[in-house]
Amino acid sequence: MDLHDKFCGALLGTHAGDALGMPLEGASAASIKKRYGEVREMLEARLGKGTYTDDTEMMIALAESLLRCGDFDGADLANALLENFSLERGYGTGSKRAMELIRAGTNWEEVGKRIFKDGSYGNGSAMRIAPVGCLYHHDLHKLKKVAYASSSVTHAHPWGKEGAFLQALAVAKAVASDPEDVLDRTKYLQDLKNEFSADSPYLASLEVIEEHIQIKPDVEEVVAKLGNDSRAMNSVPTAIYAFLTHNHSFEETVVYAVSIGGDTDTIGAMAGAIAGGYRGKSAIPSRWLDVLERGTKGANYIEELATGLYNLHEEIVNQR
Ligand code: R7I
Ligand code: MG
Ligand code: MG
C-alpha cells in the first residue's frame, strides 16, 4: 500500500469534496437533481471553481499545528485556526464565535465550552479531522484522544467530540485498508460500532447504515434516516454511508455524497476524506485535481502538508 498517496488522498479528498459540494450547499436532493441531474464536474462557485470553504481551511490549520508541534497542542491549534480564519470561506455560527473568543485571548480550554449551551455539536470539528485520521491510523487510542481534544477547541459538546472521533476513525480505517482487497464492510462498520456506547446517537446511525447498506434506498430515505444538515450527528454517518455504498470509486463516493443535498460541501469533504484515504490521491479524477484552487494555501500546499504528516507518521512509528 502506498501510504503517502493515501495521506495525500485524504487531505486532497477533503478539498475536492468541499469544492464539488460548495455551490450546492443548502439545496435539497430533489432540487439538485432537478437542476443538474448529477453533479460530476466542478461548478462555478462563490470564490471560483475548485475553491474550498471553511472545511478545508480548518483542516489546513489542524495539519499545520500537528506538524509544527509534532503532536496535538491545544493553544497552538487555537492560534492556527485563528491565523487561517477568513470569513469569506463561510464559517458556521459557533466556529465564528470561537474565533472571536480566541482573538480576545480566551484560554483554548475555555473557548469550546462557551459556545451554545454545552458546547457545539456542529460538524465543524469532524469535517477538518482528516490529518488526525491519517497521522494516528496505527494507534487508535491516541487517535481518540487527539480527535476529542482537537474538537474541544471549538466543539466541546459530547456529540461534537464523538462526531470528530467517528470521522477520524472512518478515515483511519480507510487508510489502514488495502484498496486492492475487497473491503469487508461488515467488519469496517463493526469496528466503528465497537467504539460507541448504547446511548450514543452515532451507534444508532451506524446500525441504520448496516440495515441499509444492501438495500440502497432512495436518497430521500437516506436523508430521513441519517440526515444531511450541519449537526455532526446528522452528517458524519451520512458521509460514511456514501463511502460504504460507493467504495469502488472515489468519484462515485463524492458524486453521491453531494447528491444527498443539505450540507453538501461538508458531506462531500468528509466522504472525500474517507474515500481519498482508502484509494489515495491517484484515485481522484485528474479533471478535478486540475481545477482545485492553487493559491498560497491551495492544493499544492495541501499536498505538502500531507507529505509532512506522512514523514511525521514514519518518525512516530520508528520511535516505537
Ligand atoms: O460546526 P460549525 O463550524 O459549522 C460547520 C458548518 C459546515 O457546514 C461548514 O461548511 C459551514 O457552512 O458551517 O458551526 P456551529 O455553528 O458550531 O454548528 C453548526 C450548526 O449546528 C449550528 O448552526 C446549529 O444549527 C447546530 N448546533 C446547535 N444547535 C443548538 N444547540 C450545534 N450545536 C448546537 C447546540 O448546542
Ligand atoms: Mg464549508
Ligand atoms: Mg458545510
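Look up a bit, the structure's there.
Residues numbered from 1 in each chain as written. Chains lettered and ligands numbered in written order. Predicted model: local features only at pLDDT ≥ 70, side-chain atom pairs only at ≥ 80, totals over all residues. Heavy atoms only, no water.

Asker: Can you lay out the layout of surface pockets for me, pointing to particular residues and giving the numbers?
Answerer: Put simply, the largest pocket is a space of about 410 Å³. Counting only elements with at least two residues in the lining of the largest pocket, the list comes to α3 (54-69), α5 (93-103), α7 (124-127) and α16 (264-279). Counted by class, the lining of the largest pocket contains five nonpolar, 13 polar and six charged residues. As a volume, the second largest pocket reaches approximately 200 Å³. The wall of the second largest pocket is formed by A29, I32, K33, G37, E38, R40, V219, H246, E252, V255, Y256 and S259. (1 Å grid on protein atoms, 1.4 Å probe; cavity = no way out; pocket = protein on both sides within 12 Å on 5 of 7 lines; lining within 4 Å. Points joined across faces, edges and corners; volume = space filled by probe spheres on them. Helix = DSSP H or I, 4+ residues; strand = E, 2+ residues; numbered from the N terminus. Nonpolar A, V, L, I, M, F, W, Y, C, P; charged D, E, K, R; others polar.)

Asker: Residue-level account of the site of ligand 1, with values.
Answerer: Neighbouring ligand 1 are 22 residues, the closest being G94, S95, S120, H155 and D263. S120 has a polar side-chain atom sitting 2.6 Å from an oxygen atom of ligand 1. In the environment of ligand 1, an oxygen atom lies 2.8 Å from a nitrogen or oxygen atom belonging to the side chain of D265. Relative to its unbound accessible area of 700 Å², ligand 1 is 80% covered by the protein chains. Counting atoms within 2 Å of the grid points, the majority share of ligand 1 lands in the largest pocket. When contributions to the shell around ligand 1 are tallied by element, the ones reaching two or more residues are α3, α5, α7 and α16. Looking at the shell around ligand 1 element by element, the count peaks at three residues for α5. Its residues assigned to classes, the shell around ligand 1 shows three nonpolar, 13 polar and six charged. (Near = heavy atom within 4 Å. Polar contact = N/O pair within 3.5 Å; in protein donor to acceptor, adjacent residues only side chain to side chain. Areas by Shrake-Rupley, 256 points an atom, 1.4 Å probe, with all protein chains shown as cover. Sits in = over half its atoms within 2 Å of the grid points.)

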